[in-house]
Amino acid sequence: MSTDQRFDDWAHRLGYAFDGEIKIGGNYTPVVVDGHLAYVSGQVPRVGDTVVVTGRVGAEVSLEQAQRAAQVCAMRALALLRQQFGSLDRVGRILRITVFVQCTDAFTQHSEVADGASAVLSDVLGEAGRHTRTSVGVFQLPKNASVELDLIASMQA
Amino acid sequence: MSTDQRFDDWAHRLGYAFDGEIKIGGNYTPVVVDGHLAYVSGQVPRVGDTVVVTGRVGAEVSLEQAQRAAQVCAMRALALLRQQFGSLDRVGRILRITVFVQCTDAFTQHSEVADGASAVLSDVLGEAGRHTRTSVGVFQLPKNASVELDLIASMQA
Amino acid sequence: MSTDQRFDDWAHRLGYAFDGEIKIGGNYTPVVVDGHLAYVSGQVPRVGDTVVVTGRVGAEVSLEQAQRAAQVCAMRALALLRQQFGSLDRVGRILRITVFVQCTDAFTQHSEVADGASAVLSDVLGEAGRHTRTSVGVFQLPKNASVELDLIASMQA
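Cut-offs and rules
Residues numbered from 1 in each chain as written. Chains lettered and ligands numbered in written order. Predicted model: local features only at pLDDT ≥ 70, side-chain atom pairs only at ≥ 80, totals over all residues. Least-squares fit on C-alpha atoms with pLDDT ≥ 70 in both. Contact = placed C-beta atoms within 7 Å. Helix = DSSP H or I, 4+ residues; strand = E, 2+ residues; numbered from the N terminus. Nonpolar A, V, L, I, M, F, W, Y, C, P; charged D, E, K, R; others polar. Buried ≥ 20, exposed ≤ 12 C-beta atoms within 10 Å, placed from the backbone. Axes fitted to C-alpha atoms, helices over the stretch in contact; angles between N-to-C directions. Left-handed = near helix turned anticlockwise from the far one by under 90°.

Participant: How would you sum up the relation of the copies chain C and chain B? Please name residues and give values.
Facilitator: What connects the two chain copies is a rotation about an axis and a shift along it. For the pair chain C and chain B, the best superposition has an RMSD of 0.0 Å and corresponds to a rotation of 120 degrees with a translation of 0.0 Å parallel to the axis. Such a combination of rotation and displacement between the chain copies is what one expects of a three-fold axis.

Participant: Provide a residue-level description of the interface of chain C and chain B, including the pertinent values.
Facilitator: Listed by partner, the interface residues are 25 residues for chain C and 23 residues for chain B. Contributions of two or more residues to the side of chain C that touches chain B are made by strand S5 (91-102), helix H3 (110-125) and strand S6 (132-138) of chain C. A class-by-class count of the residues in the side of chain C that touches chain B yields eight nonpolar, 11 polar and six charged.

Participant: Break down the environment of Phe7(A) for me, citing the residues and quoting the values.
Facilitator: All names here are of chain A. Mapped onto the fold, Phe-7 is located in helix H1 (residues 3-14). On the neighbour-count criterion, Phe-7 (24 C-beta atoms within 10 Å) is buried. Separated by 114 residues in sequence, Phe-7 and Leu-121 have C-alpha atoms that sit 9.2 Å apart. In this view, Phe-7 contacts Leu-78, Arg-82, Leu-88 and Val-124; residues no more than four positions away in its chain are not counted.

Participant: Describe in detail the interface of chain A and chain B, supporting the description with residues and values.
Facilitator: On the chain B side, the residues contacting the 23 residues of chain A number 25 residues. Residue contributions to the side of chain A that touches chain B peak at four residues, all from strand S2 (residues 37-43) of chain A. Looking at side-chain class alone, the side of chain A that touches chain B contains 11 nonpolar, eight polar and four charged residues.

Participant: I'd love a proper account of the packing of helix H1 (residues 3-14) of chain B against helix H2 (residues 63-85) of chain B, names of residues and values included.
Facilitator: All names here are of chain B. In the contact formed by H1 and H2, the axes pass within 11 Å of each other and the chain directions differ by 145 degrees. Both H1 and H2 take part in a crossing whose hand is left-handed. Note on element contacts: H2 touches H1 through Gln-71, Val-72, Met-75, Leu-78 and Arg-82, opposite Asp-4, Phe-7, Trp-10, Ala-11 and Leu-14. Of the residues belonging to the contact of H1 with H2, the class tally is seven nonpolar, one polar and two charged.

Here it is as structure tokens:
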């Protein structure tokens, strides 16, 4: 399977389509390209007009739901790269992802939440998906999203 | 109007001067340049010795006040680039801004706060100011600041 | 003293060894190199299997303990660069560090906490250790760590 086919496979598995317009909630741009680097804006687990996982992880949101949220965030970021570059084959390496988790004061499994995003990147991109990562627990996120993720990718010609 | 004139216009509109020394609150440096990239340290809305917007957004700080805080943070970041490079004309593109908002547990308009910073960047820099963005809600910030912003810019010769 | 000797000196001063395997708590990689840039994943103050400073800064964790946590995080990041490149002499410049502090709602000395990390970088690397910095107060961190730090470094041949 190609990277794009594996992306479509993950979309099918999650039950969401990521091939339409990716909506952005403010006065900025989803992707900026500088030389061979692509910066992707912070993604919440929005599909169409709906943020599909909202609320505080460790309270009304379970670890499993939060991992799914992280997967949707990662898929959105990949969808934006695919739209920008035509194919995910162009991704040379994911350099860095930062994963912000809206959590309770006692929730400490941010790495496990972020593993949801890392699994998507590894499965879809293979070796090119092996990234550095920072995951932290924040107090709130835009639109009450449970997870937000941004990334920097190194692209190839 | 040139980018520098538009910067001065925004400073006038906000009622603050950004042409003096930009104070830094610790053992680090405000800007590091690596090749054509400029990294700017996290900026709180400090003018001179005073952080002009402090407190928790959604409680004692309104959305409008927080947007103004984000504007001051963005102006500080631009002031640092102008000091470093002589003119904002040198900015080729703002690649990424990250906006941290000290907020209540129920405040979810972080994107709207960050729009304050994005408006400054777009107005002053035009197309070069179109950036990627991540905005999150944090528990506290240095000196009880309501907003903190950092950025990476691509500079040109 | 060489940079590597100064690193060993700091390890001795902290009372920890940083020359073994640096454990990573999830499905990602500690360092990614892209051209001359090295991205280092978020580091908590873990030594071997133990996170040596846990809990909320401003409550059960003092400023001094948090500064020590930041020092350990910075040493871990340097240890990873040393493992990857053979010597810290290869570091041309630390471009950016981001310091996340798990704190109380009233704790505002995040810059002072981050100064712990900045002191390590400056002492070990000299001029190459002068970096940009963002420090914020978050609600929780992986494994209840008190501090987390990530960085980007520019390497030389």
